[in-house]
2 protein chains.
Amino acid sequence: MTSTLSQLSPSGIPLYQQVKRAVLAALASGEWVQGEAIPPEKLLAERFSVSIGTLRKAIDELEAENILVRHQGRGTFVAIHSRNQHFFRFFRVVRQDGKKAYPETELQRFRRVRANEEVRAKLALGKGAFVYEFVNLLSLNGDKVIVDTIAVPEVLFRDLTREQLRDRPSTLYSFYQEMFGINVISTSETVRATLADAEHAGWLGVAPGAPLLSVRRVAYSYNKLPIEWRISTLHTGRYEYISQDTSGGS
Amino acid sequence: MTSTLSQLSPSGIPLYQQVKRAVLAALASGEWVQGEAIPPEKLLAERFSVSIGTLRKAIDELEAENILVRHQGRGTFVAIHSRNQHFFRFFRVVRQDGKKAYPETELQRFRRVRANEEVRAKLALGKGAFVYEFVNLLSLNGDKVIVDTIAVPEVLFRDLTREQLRDRPSTLYSFYQEMFGINVISTSETVRATLADAEHAGWLGVAPGAPLLSVRRVAYSYNKLPIEWRISTLHTGRYEYISQDTSGGS
DNA sequence: AAGTGGTCTAGACCACTAC
DNA sequence: TAGTGGTCTAGACCACTTA
């Protein structure tokens, strides 16, 4: 992969966007790997025959999209969506006093089934497609708080097993990344109030008929490809769902 | 307001951030008004004695935060948070089929009271401070869906009256903007499940004990100044609360 | 000390909008 | 045509990390 950029830009597309696409192409081709540093800015600027300012503008956007991470003095790295910071971007349940904690997960159920109509719609699957469907019970500070019912397309998660899920050493989304090369980069959620049915009441240790939150999520990879559908059922007795507006601030 | 920037930067804070703060200060002081253009970049660069590139970096961030809007060839404008696009950034309730609609509002209650401890904490008010507290019932497509209990500091909303609220021609936040010069630029929300009490059941036309969402919001202006505290109680029988993650994409 | 990204400059030229 | 923001350059110097 030399890829000195197609040299010509008759399209009128800004140079920095062409550079951005070229960097994305190099990432998608596997030229640079998860967690590894990409070449320094000066080298990249030469490779693409642009000034360093233009190169930086391209990298700026890739960093804003959580695809690259820069560290002053060390280099620019391919982002890892693992435990530390990124976890709480997608995990939005905290104790009512604001304290964040990592959940403990117990796999309750696992099966391979044909996707029903709702799941096919959410995951953009064709009729007859299979999904892996599993249920996790999540605890925070020892309290059973969340039941996640999750469906992922078989075609993207070939040969996923119950054991892999149960024994994974890291978060679910970094497991997706490490084992299947699938990156979750955005989600879309809706929230409703429901009453606990017998099964969820049992899992969460509440009375049937207790009020619960039902959070429905579609998770997307690059190009808005849907890769996971989940229904999270939350007991908000001592916890709550948070929804920050990240645009503003000073 | 000359404000040529304090000239000295012993603090080691990057210049463009100092410029950003200075622009925010000019906005907060009312020097530039809603929907009006701010001075051109070249002028601002001279005023703050920085290069145009540095000035642009400051404006870049303010645009990313929806505080300014740039239009090539026309100028840079103070963002208007009014009806059209911005409304649905803060109004996050849609019908379960995804259809968005503007709510109709009925003012149910209005009073001036001393803030209790919770409200004082959320709005960063001192002991004994007064707030205006009012209750709105919101309908979507003719369905009564939301009860908003809202508190705003008297010190920021001097002489707010029941009649002003009832007769306002626009959304609540553009009313804040037009009548009091207060801009909502970010919010922080938490969500819990509750059961309808008698009063809310009556307003929403549900049985007492029906499951409802309780959304608690603090709305902020520039510099993270809290300007409104509200508890929204939602009936999610046919509607739902949405929470998009806007960071990703390519 | 060497190498990385972060900031900042002082322009040039282009694309778009208004008049 | 004049004025606006958008792109791009070719550096200089600073702050941080690693050895």
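Scroll up to find the structure this text is about.
Observations regarding the overall build of chain A
- Broken down by element type, chain A carries eight helices and 11 strands.
- The C-alpha extent of chain A, read off along each of the three principal axes, is 65 × 45 × 35 Å.
- For chain A, the residues scored as buried account for 51% of the 250 residues in total.
- Considering only residue pairs separated by 6 or more positions, chain A has 58% of its internal contacts joining residues 24 or more positions apart.
- Of the roughly 12,400 Å² that chain A leaves accessible, carbon and sulfur atoms contribute 51%.

Quick word on the sheet that holds strand β9 (residues 211-220) of chain A
- The sheet built from eight strands is open, its strands ordered β5(A)-β6(A)-β7(A)-β10(A)-β9(A)-β8(A)-β11(B)-β4(B) with antiparallel pairing. A strand with exactly one partner marks an edge of an open sheet, and here the two such strands are β5 (104-114) of chain A together with β4 (93-95) of chain B. Across the sheet, the mean angle from the axis of one strand to that of its neighbour is 25°, orientation sign disregarded.
- Pairing between β9(A) and strand β10 (residues 226-234) of chain A: eight bridges, direction antiparallel. Residue pairing across strands places A:S214 opposite A:T233, the latter belonging to β10(A).
- Against the sheet, helix α7 (residues 172-180) of chain A makes contact with β6 (130-140), β7 (143-153), β9 and β10 of chain A, and its axis sits at roughly 160° relative to β10(A), the strand it touches most.

Focus on the packing of helix α1 (residues 15-28) of chain B against helix α3 (residues 52-64) of chain B
Residues and elements named next belong to chain B.
- Running from amino to carboxyl end, α1 crosses α3 at an angle of 55°, the nearest separation of the two axes being 8 Å. As summarised for this structure, α1 and α3 are arranged oblique, according to the angle between their axes. Read as a crossing pair, α1 and α3 show a hand that is right-handed. From α1, L15, Y16, V19, K20, V23 and L24 reach across to α3, where they touch T54, L55, K57, A58, E61 and L62.

As for unusual backbone geometry
- Positive phi is not limited to glycine here, since A:N141 has a value of about 55°.
- Within the secondary structure layout, A:N141 lies in the loop between β6 and β7.
- When its relative accessible area of 37% is taken as the criterion, A:N141 is described as partly exposed.
- Although it is not a glycine, B:D159 adopts a positive phi angle of roughly 65°.
- Considering the arrangement of structural elements, one finds B:D159 in the loop between β7 (143-153) and α6 (162-167).

About the criteria used
Residues numbered from 1 in each chain as written. Chains lettered and ligands numbered in written order. Predicted model: local features only at pLDDT ≥ 70, side-chain atom pairs only at ≥ 80, totals over all residues. Heavy atoms only, no water. Helix = DSSP H or I, 4+ residues; strand = E, 2+ residues; numbered from the N terminus. Buried < 20%, exposed > 50% of the residue type's maximum accessible area, 1.4 Å probe, protein only. Contact = heavy atoms within 4.5 Å. Areas by Shrake-Rupley, 256 points an atom, 1.4 Å probe, with all protein chains shown as cover. Pairing = 2+ DSSP bridges. Axes fitted to C-alpha atoms, helices over the stretch in contact; angles between N-to-C directions. Parallel < 35°, antiparallel > 145°, perpendicular 65-115°, else oblique. Left-handed = near helix turned anticlockwise from the far one by under 90°.

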